[in-house]
Amino acid sequence: MRSAYLIESQVGQGGQQRRDRNGFVTALGVRALRRHGLPVPGAMLDTLQACRSARGGFRFWPEDAQPDWAPVLPDDVDDTAIMALELLHAGRIGLDDARRTACMTIARRRIARFPALRPPWLRVGTFSTWSREGAAFDMVDCTATANVLGFLAAIGMSHLPGVREATQMLDAALHWAGDDELRASSLSPFYPDPVELVLALEHAAKSGAQDLHELHSAAAATGWGANAELRSTHPEHRVCSSPYGVAVWRSPELARLRGWAREMGEARIPKPLPHWIGDFESELTCSVFD
């Protein structure tokens, strides 16, 4: 991990604050840079590669960077979809590897049944969140599902079983939520701010998931989904959480990176990133951009 760079975040739980560095938040930073046409530091890509497990999927932390206060988590479809796609874009993995990863870690685990009491938008056949064997039930997260659909579309695998059911579920979920922010927040147990759902839908649509263009437009037209990219640059933005917000991650560094990438992308400045990526505000006036 000496060559890796992990974006810093803060975790709030029960009034206690902890510092954290994880692969997931770093992956969102990589996505922001790539989407705005900016170069991605190799050290950040090293982090994503270090999050890959022996089973082929990806996890929230690299194995040797997981904090001692955190439970050991299995691979999950959200980290796998986000990290594998960024590594594919960067040339760190090949298309065959990405497709094999999708088939072995995402497509093979789909929801067969739900408890009797469940939200009305859930659909049997959509993708499970966790890559673990023997679980009778599993949680479904709409933002993670959108990330999965974007990954599968980008690698030409939108024909896989589960894609149709997942798309129908997102459609039903957005209709159910409407303009109600509380309902929208409940669609994604691991994302306390529905702004991230809007960003995931937009990214998936631009990655080739054609059926998600209309869903993104609908979400972006709501009060809770308007100006999603700009709102994600606020330092207090809630990036992710444990199920339903028991522990919440905020990352001022990711927020600053997203804002910086947005400004650079709009300005279309064809300059490389400086070697140090931690202080983006000062870099805007650094001589490397002169």
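Above this text you will find the structure in question.
The structure reproduced in this document is the subject of the present report. (Residues numbered from 1 in each chain as written. Predicted model: local features only at pLDDT ≥ 70, side-chain atom pairs only at ≥ 80, totals over all residues. Heavy atoms only, no water.)

**Digging into the packing of aromatic side chains**
One pass over the structure, following the stated rule, counts 7 aromatic pairs. Each ring, one from F24 and one from F60, has its centre 5.7 Å from the other, and the planes form 15°; the classification is stacked. Placement of F24 in helix α1 (residues 23-35) and of F60 in the loop between α2 (42-50) and α3 (77-89) is noted, with a sequence separation of 36 residues between them. A relative accessible area of 13% means that F60 is categorised as buried. Considering the side-chain rings of W130 and F190, the 5.7 Å spacing of their centres and the 85° angle between planes classify their relative orientation as edge-to-face. Taken together, the residues W130 in the loop between α4 (95-107) and α5 (142-154) and F190 in the loop between α7 (181-186) and α8 (195-206) connect sequence positions 60 residues apart. Each of the two residues, W130 as well as F190, counts as buried. (Phe/Tyr/Trp six-rings, centres within 6.5 Å; stacked < 30°, edge-to-face > 60°. Helix = DSSP H or I, 4+ residues; strand = E, 2+ residues; numbered from the N terminus. Buried < 20%, exposed > 50% of the residue type's maximum accessible area, 1.4 Å probe, protein only.)

**So, α5**
An α-helical segment advances 3.6 residues per turn. Residues three or four places apart therefore align on the same side. The first and last C-alpha atoms of α5 sit 18 Å apart over 13 residues, in line with the 18 Å expected at 1.5 Å per residue. Counting buried residues in α5 gives 12 out of 13 residues, a clear majority hidden from the surface. Those residues of α5 that fall on the buried side of the exposure criterion are C142, T143, A144, T145, A146, N147, V148, L149, G150, F151, L152 and A153. Those residues of α5 that are buried lie in contact with α1, α3, α4, α6 (163-177), α8 and α9 (212-220). The N-capping residue of α5, defined by a side-chain oxygen 2.9 Å from the backbone nitrogen of T143, is D141. (Expected span 1.5 Å × (residues − 1). Contact = heavy atoms within 4.5 Å. Polar contact = N/O pair within 3.5 Å; in protein donor to acceptor, adjacent residues only side chain to side chain.)

**Considering the sheet that holds strand β4 (residues 248-250)**
As summarised here, the arrangement of the 4 strands in space is β2-β1-β4-β3, forming an open sheet in which the pairing is antiparallel. Looking at the sheet topology across the chains shown, the edges are occupied by β2 (16-21) and β3 (238-241). Direction aside, neighbouring strands of the sheet carry axes that sit 30° apart on average. Pairing of β3 with β4 involves 3 bridges; the strand directions are antiparallel. Residue pairing across strands places S241 opposite V248, the latter belonging to β4. (Pairing = 2+ DSSP bridges. Axes fitted to C-alpha atoms, helices over the stretch in contact; angles between N-to-C directions.)

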